[in-house]
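Below are the chains, spelled out letter by letter.
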Amino acid sequence: MPMDFVKVTKAAKPYVALVELNRPKELNALNSQLLHELRNAMQELDRDEAVRAIVITGNARAFAAGADIKEMADKTAVEMMTYKQSGVWGDLKKIAKPVVAAVSGFCLGGGCELAMTCDIIVAAESAQFGQPEIKLGILPGAGGTQRLTHAVGKARAMDLILTGRFFSAAEAERWGLVSRIVPDDTYLAEALHLAETIAQMPPVAVRLAKESVNAAFELPLTEGLQLETKNAALLFSTEDQKEGMKAFVEKRKANFVGK
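What counts and how
- Residues numbered from 1 in each chain as written.
- Predicted model: local features only at pLDDT ≥ 70, side-chain atom pairs only at ≥ 80, totals over all residues.
- Heavy atoms only, no water.
- Helix = DSSP H or I, 4+ residues; strand = E, 2+ residues; numbered from the N terminus.
- Rg over C-alpha atoms; globule rule 2.2 N^0.38 Å.
- Buried < 20%, exposed > 50% of the residue type's maximum accessible area, 1.4 Å probe, protein only.
- Contact = heavy atoms within 4.5 Å.
- Areas by Shrake-Rupley, 256 points an atom, 1.4 Å probe, with all protein chains shown as cover.
- Lys, Arg positive; Asp, Glu negative; His and termini not counted.
- Charge placed at Lys NZ, Arg CZ, Asp CG, Glu CD.
- Phe/Tyr/Trp six-rings, centres within 6.5 Å; stacked < 30°, edge-to-face > 60°.
- Pairing = 2+ DSSP bridges.
- Core = buried A, V, L, I, M, F, W, Y, C linked by side-chain atoms within 4.5 Å.
- Salt bridge = Lys/Arg side-chain N within 4 Å of Asp/Glu carboxyl O.
- Axes fitted to C-alpha atoms, helices over the stretch in contact; angles between N-to-C directions.
- Parallel < 35°, antiparallel > 145°, perpendicular 65-115°, else oblique.
- Nonpolar A, V, L, I, M, F, W, Y, C, P; charged D, E, K, R; others polar.

### Notes on the overall build of the chain
Thought 1: Looking only at helices and strands, one finds twelve helices and ten strands in the chain.
Thought 2: For the chain, the C-alpha radius of gyration of 19 Å lies close to 18 Å, the compact-globule estimate for 259 residues.
Thought 3: Seen through its principal axes, the chain has C-alpha atoms that stretch 60 × 40 × 35 Å.
Thought 4: The buried share among the 259 residues of the chain stands at 46%.
Thought 5: Taking the contacts inside the chain whose residues are at least 6 apart along the sequence as the reference set, 66% of them involve residues at least 24 apart.
Thought 6: Total accessible area computed for the chain in this model is approximately 13600 Å², and 58% of it derives from carbon and sulfur atoms.
Thought 7: For the chain, the separation between the mean place of its 31 positive charges and that of its 32 negative charges on side chains is 2 Å.

### Focus: the packing of aromatic side chains
Thought 1: Following the criterion strictly, the structure yields three aromatic pairs and no others.
Thought 2: Ring geometry for Phe 106 and Phe 166: centres 6.4 Å apart, planes at 65°, overall edge-to-face. One end of the pair, Phe 106, is in strand 6 (residues 106–108); the other, Phe 166, is in the loop between helix 7 (154–163) and strand 9 (167–168), and 60 residues separate them in sequence.
Thought 3: Phe 166 sits in the partly exposed class, given a relative accessible area of 33%.

### Topic: the pairing of strand 7 (residues 120–124)
Side-chain direction in a regular strand flips from residue to residue, so the side chains alternate between the two faces of the sheet.
Thought 1: Most of strand 7 is tucked away: four of the five residues are buried.
Thought 2: Where strand 5 (residues 99–103) and strand 7 come together, four bridges link them in parallel fashion. Opposite Val 100, over in strand 7, you have Ile 120 as the bridge partner.
Thought 3: Inspection of the sheet shows strand 7 paired to strand 10 (residues 180–182) by three bridges, in the parallel sense.

### Things to note about the nonpolar core
Thought 1: Among the nonpolar cores identified, the biggest contains 46 residues, and Leu 38, Met 42, Phe 63, Val 103, Phe 129 and Leu 177 are the most heavily contacted of them.
Thought 2: Counting residues per element, this core draws most heavily on helix 1 (residues 32–47), at six residues.

### Comments concerning the pattern of salt bridges
Thought 1: Summed over the entire model, instances satisfying the criterion amount to ten salt bridges.
Thought 2: Here Glu 171 ties to Arg 165 by a salt bridge, and the two come within 3.7 Å at their closest N and O atoms.
Thought 3: For Glu 171, a relative accessible area of 19% corresponds to the buried category.
Thought 4: The salt bridge involving Arg 252 is made with Glu 250; its shortest N-O contact spans 2.7 Å.
Thought 5: Under the relative-accessibility criterion, Arg 252 is labelled partly exposed at 35%.

### What to know about the sheet that holds strand 9
Thought 1: The sheet built from four strands is open, its strands ordered 4-6-8-9 with mixed pairing. At either margin of the open sheet sits one strand with a lone partner, and together these are strand 4 (62–64) and strand 9.
Thought 2: Sheet analysis places strand 8 (residues 128–130) next to strand 9, joined by two bridges and oriented antiparallel. Bridge pairing links Gln 128 to Ser 168 in strand 9.
Thought 3: The strands touched by helix 5 (residues 110–117) are strand 4, strand 6 and strand 8; relative to strand 6, the strand with the most contacts, the crossing angle is about 90°.

### Quick look at helix 5
Thought 1: The buried fraction of helix 5 amounts to eight of the eight residues, a majority that puts the element mostly inside the structure.
Thought 2: The set of residues buried in helix 5 consists of Gly 110, Gly 111, Cys 112, Glu 113, Leu 114, Ala 115, Met 116 and Thr 117.

### Structural notes on the packing of helix 10 (residues 203–215) against helix 11 (residues 221–234)
Thought 1: Direction vectors running N to C along helix 10 and helix 11 enclose 175°, while the axes themselves pass 10 Å from each other. If you check the angle between helix 10 and helix 11, you find them roughly antiparallel. On helix 11, the residues that touch Leu 208, Glu 211, Ser 212 and Ala 215 of helix 10 are Leu 227, Glu 228, Asn 231 and Leu 234.
Thought 2: Here the residues of the contact of helix 10 with helix 11 sort into four nonpolar, two polar and two charged.

### Re the environment of Gly 105
Thought 1: Mapping Gly 105 onto the fold places it in the loop between strand 5 and strand 6.
Thought 2: Judged by its relative accessible area of 11%, Gly 105 is buried.
Thought 3: Not counting the four nearest positions on each side in its chain, Gly 105 is found in contact with Ala 60, Arg 61, Ala 62, Ala 127 and Gln 128.

### Structural notes on the sheet that holds strand 10
Thought 1: Reading across from one edge, 1-2-3-5-7-10 is the order of the six strands in this open sheet, with mixed pairing throughout. Edge strands, defined here as strands with exactly one partner in the open sheet, are strand 1 (6–13) and strand 10. Pairwise comparison of adjacent strand axes, ignoring direction, gives a mean angle of 20° for this sheet.
Thought 2: Alignment of strand 3 (residues 53–57) against strand 5, held across four bridges, turns out to be parallel. Note that in strand 5 the partner of Ile 56 across the bridge is Ala 101.

Dropping the structure here:
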C-alpha cells in the first residue's frame, strides 16, 4: 500500500529500520492519514524478522509540530470520541521492538506525545518540546497528561501543560524525558547508531527487557517484580542466553540469532 506521508527505509543500519514523517510543509502535523500510515508501517516492521530496532524521525525543522488543527477544528465531542486516529496511539505503544525517536526542531503537542510513545528519545541541541494544547482551549489528549507526568513529575507537568510553554532539549534531558542530547547535525546519525547497538543485542532479551521496564510505570511494584522474575527466567530457555554466556566464558563475541 503506497504511503504519502511516511517513508520507510529498511536496513538503514544492520537490523535497523528508519521511519520518516513526511509532511515537511506542514511541519509534519499529525493528520489522520499520517497517523494511520505510521501505525501500519510500525506494525509491519514489528512483524519483520529482519528488523530488530526502529528509529522514528521528522526533519531538521520539526519532528512533528502537533496535530493537524485544520482537521480537528470543527469536530464535535462525539466525533472526537470516535475519531479515526483514536486507536492509533495505543497501537503505537504496543510495538514490541525497541523504538528510538530522533528529534530535531519542534516536537510539540501530538508530536511530543508521539515521541513519548517511543522507548528512547535522542534530541538535537536546538529541539523544542511542549504541550501547548491549552492555548487552543483543549488539553493533551493522546497521552500527554499521563506520559509527561510519569516522565517529569506532577509539578513540572502541571507547569508545562497549564501554561503551554515550550521547553528546551537541555530541560527535557535534565528532567528525564530525553535520553541524550547531541549536536544538531548529528542527531539522526546518533539515533541510528544507538538503534544499531540495541539491534546487536539478543532480540528476545531486548523485547522482554522493554516489557519489564514499561511495566514499572503500569503495575504495582510487587506485580512488576513478579513479571521481571518471570521474564528473566524465560530467557534461560533461549538459544541466545546459552550463546551469550558461552561466548562470555570463551572470551569471544556472541552471535545472537533471536531464538
